[in-house]
Amino acid sequence: MTALRRLWAEQRLALVAFLVALSLAGFFGGRMISRALFWSDPAHHQQAPEAWMTPGYIARSWHVDVQAVDAILGIEDARKLVDDDRPTLEAIAEKLDVPVGDLIAKLEAGLPQTPPGSPP
C-alpha cells in the first residue's frame, strides 16, 4: 500500500491515466470476448429470419454482407430507411408498408442455402 500512496503523491496524473487505460482495455476486451463467444455458438449460425432481427444480425448469422441482405429485401440502406441505429425487419416492413411475413419470405428465398453437414 505504501507504493500506491507514493505513486499517488508523486505521479498522480500517470496513475490516473494508467487506470483509465486499464479500464478501457478491460471494457473493450470483455466486449470482444463476449461477442466472440456469442457468434462461435453454432445455434447462432444460419438462424431463420424473425421480425426482431436486424439486417446486420442476419448478415452475421448467415456470413454474408449487410448490403447483400439489403439487396434481398429490395432496399438500399436499412438504417437510412428507418432512421434508426438498429432497424428491425418489423420496422422496415412498417416503413415499406408491407407485411413483415413478406420480408421474411424474401429473405428465406434469397439467403444462400448450404448442404446439410457443411460448415456455414
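Please refer to the structure higher up on the page.
Let me begin by describing the structure that accompanies this report.

What counts and how
Residues numbered from 1 in each chain as written. Predicted model: local features only at pLDDT ≥ 70, side-chain atom pairs only at ≥ 80, totals over all residues. Heavy atoms only, no water. Core = buried A, V, L, I, M, F, W, Y, C linked by side-chain atoms within 4.5 Å. Buried < 20%, exposed > 50% of the residue type's maximum accessible area, 1.4 Å probe, protein only. Helix = DSSP H or I, 4+ residues; strand = E, 2+ residues; numbered from the N terminus. Contact = heavy atoms within 4.5 Å. Phe/Tyr/Trp six-rings, centres within 6.5 Å; stacked < 30°, edge-to-face > 60°. Axes fitted to C-alpha atoms, helices over the stretch in contact; angles between N-to-C directions. Parallel < 35°, antiparallel > 145°, perpendicular 65-115°, else oblique. Salt bridge = Lys/Arg side-chain N within 4 Å of Asp/Glu carboxyl O. Patch = residues over 30% accessible without salt bridge, like charges linked within 9 Å, V, L, I, M, F, W, Y side chains within 5 Å. Areas by Shrake-Rupley, 256 points an atom, 1.4 Å probe, with all protein chains shown as cover. Lys, Arg positive; Asp, Glu negative; His and termini not counted. Charge placed at Lys NZ, Arg CZ, Asp CG, Glu CD.

**Examining the nonpolar core**
Membership of the largest hydrophobic core comes to 17 residues, with the highest contact counts inside it found for Ile58, Val69, Leu73, Leu89, Ile92 and Leu107. Looking at this core, the element that brings in the most residues is helix H3 (residues 55-62), giving four residues.

**Observations concerning the side chain of threonine 54**
With respect to the helices and strands, the residue threonine 54 is situated in the loop between helix H2 (12-40) and H3. Residue class for threonine 54 comes out buried when judged on its relative accessible area of 17%. Discounting chain neighbours no more than four positions away, the residues touching threonine 54 are Arg86, Pro87 and Thr88.

**Observations regarding the packing of aromatic side chains**
Going through the model one piece at a time under the given rule, you end up with five aromatic pairs. A centroid spacing of 4.9 Å and a plane angle of 75° characterise the contact between phenylalanine 27 and phenylalanine 28, whose relative ring orientation is edge-to-face. Given a relative accessible area of 47%, phenylalanine 28 falls into the partly exposed group. By the ring-pair criterion, three or more aromatic residues cluster together here, those being Phe38, Trp39, Trp52 and Tyr57.

**Regarding the packing of helix H1 (residues 2-10) against H2**
Orientation of H1 relative to H2, taken along the N-to-C sense of each, is 110°, at an axis distance of 5 Å. In terms of axis orientation, H1 runs roughly perpendicular to H2. Of the residues in H2, those touching H1 at Leu4, Leu7, Trp8 and Glu10 are Arg12, Leu15 and Val16.

**With respect to the pattern of salt bridges**
In total, this model carries one salt bridge according to the counting rule given. Measuring nitrogen to oxygen at the nearest pair gives 3.4 Å for the salt bridge that ties arginine 6 to glutamate 10. Here arginine 6 pairs with glutamate 10, and both are found in helix H1, just four residues apart, close to one helical turn. Overall, the relative accessible area of 48% leaves arginine 6 in the partly exposed class.

**Notes on a positive patch on the surface**
A contiguous patch of positive charge on the surface is contributed by Arg31, Arg35, Arg60 and Arg86. Structurally, arginine 35 can be placed in helix H2.

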